[in-house]
Amino acid sequence: MNQEKYIAHHLEVALQASKSAGSLVLEAGKAKHISVRSKQKNDFVTETDQAAEEHIIGILKEHFPDDAIFGEESGKTGTHERGRWVIDPIDGTTNFFRSIPNYTISIAWEMEPFKPLVGVVYNPRQEELFWASKGHGAFLNGQPIRVSDVDDVSKALMVCVPPHRRHDLADEYFERMRRIFLATSDFRSLGSCALELSYIAAGRFDGYFERCLGYYDLAAGMIIVQEAGGKLESADPGQPFTDERCD
Ligand code: 2AM
Ligand code: CA
């Protein structure tokens, strides 16, 4: 199979897995009581996060048994040689268990670390499916999307997410946030990095600043932003992307 077809096949399976996991998560979200476990400060997991990740991995493995996996809940398996899947089964777990509709299934695939070739972000509550593959553009429910054409920073609608897991960084963070706020028009924060990046790709927001993201939070959104004409960089040029969060 040539490279183009190989990438297209990964995209097709990622779309299938995200839709299927989306139905599972949507159904589980209807329960009267969702039990929540705290992994660490402001970092939560439910049984549905774990079930959705297993479900996604099952589908991916059926088609690509040799690919490596990096999932937020189950960690890493395999080596990078044949490519790697990066999965956040529910990005926006706090929104999920509070019944706020801003949560997504986020699935990326890459051959080289931190250079995703395929990204799929699905918001099952709002039935919005974002995807991109390298060189083929970004899409929302089948329609091409582009980043906004706002070129006046003072008009920019920004995403700024406080360091909810690292309150020790609050002073430094809010000082930066203050400067960004004074230079731009306003902020939004949706509680799902993958969704926020997808909204940037769709031109709904103009920029994003956050510290201490996990790679599984941003991998799929990253290629969607890039294919929609946007840029995504590590906030600290001396510290490129890593698998580990800074907490
Ligand atoms: P998660 O739901 O997969 O943990 C970066 O902002 C990431 O942190 C989000 O993508 C989301 O990932 C989580 N998150 C965002 N806001 C949060 C909050 N207030 N409390 C806990 N987790 C949050
Ligand atoms: Ca998650």
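Predicted model only: the values in this text are computed from it and were never measured.

Calculation notes
- Residues numbered from 1 in each chain as written.
- Chains lettered and ligands numbered in written order.
- Predicted model: local features only at pLDDT ≥ 70, side-chain atom pairs only at ≥ 80, totals over all residues.
- Heavy atoms only, no water.
- Donors = N, O, S within 2.8 Å, 3.2 Å for Na, K, Ca; no water.
- Buried < 20%, exposed > 50% of the residue type's maximum accessible area, 1.4 Å probe, protein only.
- 1 Å grid on protein atoms, 1.4 Å probe; cavity = no way out; pocket = protein on both sides within 12 Å on 5 of 7 lines; lining within 4 Å.
- Points joined across faces, edges and corners; volume = space filled by probe spheres on them.
- Helix = DSSP H or I, 4+ residues; strand = E, 2+ residues; numbered from the N terminus.
- Nonpolar A, V, L, I, M, F, W, Y, C, P; charged D, E, K, R; others polar.
- Domains from an automatic or database assignment.
- Contact = heavy atoms within 4.5 Å.
- Buried area = accessible area lost by both parts, 1.4 Å probe.
- Salt bridge = Lys/Arg side-chain N within 4 Å of Asp/Glu carboxyl O.
- Polar contact = N/O pair within 3.5 Å; in protein donor to acceptor, adjacent residues only side chain to side chain.

How would you sum up the coordination of the calcium ion (ligand 2)? Please name residues and give values.
Donor atoms from the polypeptide that bind the calcium ion (ligand 2) are E72 (OE), D88 (OD), D88 (OD) and I90 (O), placed at 2.3 to 3.1 Å. Here the donor residues of the calcium ion (ligand 2) are spaced in sequence according to E-x15-D-x1-I. Residue D88 shares its accessibility class with I90, and that shared class is buried.

Tell me what's going on with the layout of surface pockets, and back it up with residues and numbers.
Approximately 1,000 Å³ is the volume attributed to the largest pocket. Residue lining of the largest pocket: 34 residues in total, with E210, L232, E233, S234 and A235 positioned closest to the centre. Residue assignment for the lining of the largest pocket shows that the elements contributing at least two residues are α5 (193-201), β13 (207-210) and α6 (215-227). When residues of the lining of the largest pocket are assigned to their parent elements, the largest contribution, 4 residues, is made by β13. G92, T94, H164, R165 and G191 are the residues nearest the centre of the second largest pocket, which is lined by 28 residues in total. Contributions of two or more residues to the lining of the second largest pocket are made by β2 (43-46), β5 (84-91), α3 (93-97), α5 and β13. A class-by-class count of the residues in the lining of the second largest pocket yields 7 nonpolar, 9 polar and 12 charged.

Please set out the domain arrangement of the protein chain residue by residue, giving values where relevant.
If you check the domain split of the protein chain, you get domain 1 (3-145) and domain 2 (153-227). At the junction of the two partners, domain 1 supplies 41 residues and domain 2 supplies 24 residues. Between domain 1 and domain 2 lies a buried interface of about 2,500 Å² when both sides are counted; carbon and sulfur atoms form 62% of it. At the surface where domain 1 touches domain 2, the tally comes to 1 salt bridge. R204 is the salt-bridge partner of E128, the closest N and O atoms lying 2.9 Å from each other. Linking domain 1 with domain 2 are 11 residue pairs in polar contact (both at pLDDT 80 or more), by the criterion used here. Only β5, β6 (104-110), β7 (116-123), β8 (128-133) and β9 (138-140) provide two or more residues apiece to the side of domain 1 that touches domain 2. The greatest single-element share of the side of domain 1 that touches domain 2, amounting to 7 residues, is contributed by β7. For the side of domain 1 that touches domain 2, the class distribution of residues is 17 nonpolar, 14 polar and 10 charged.

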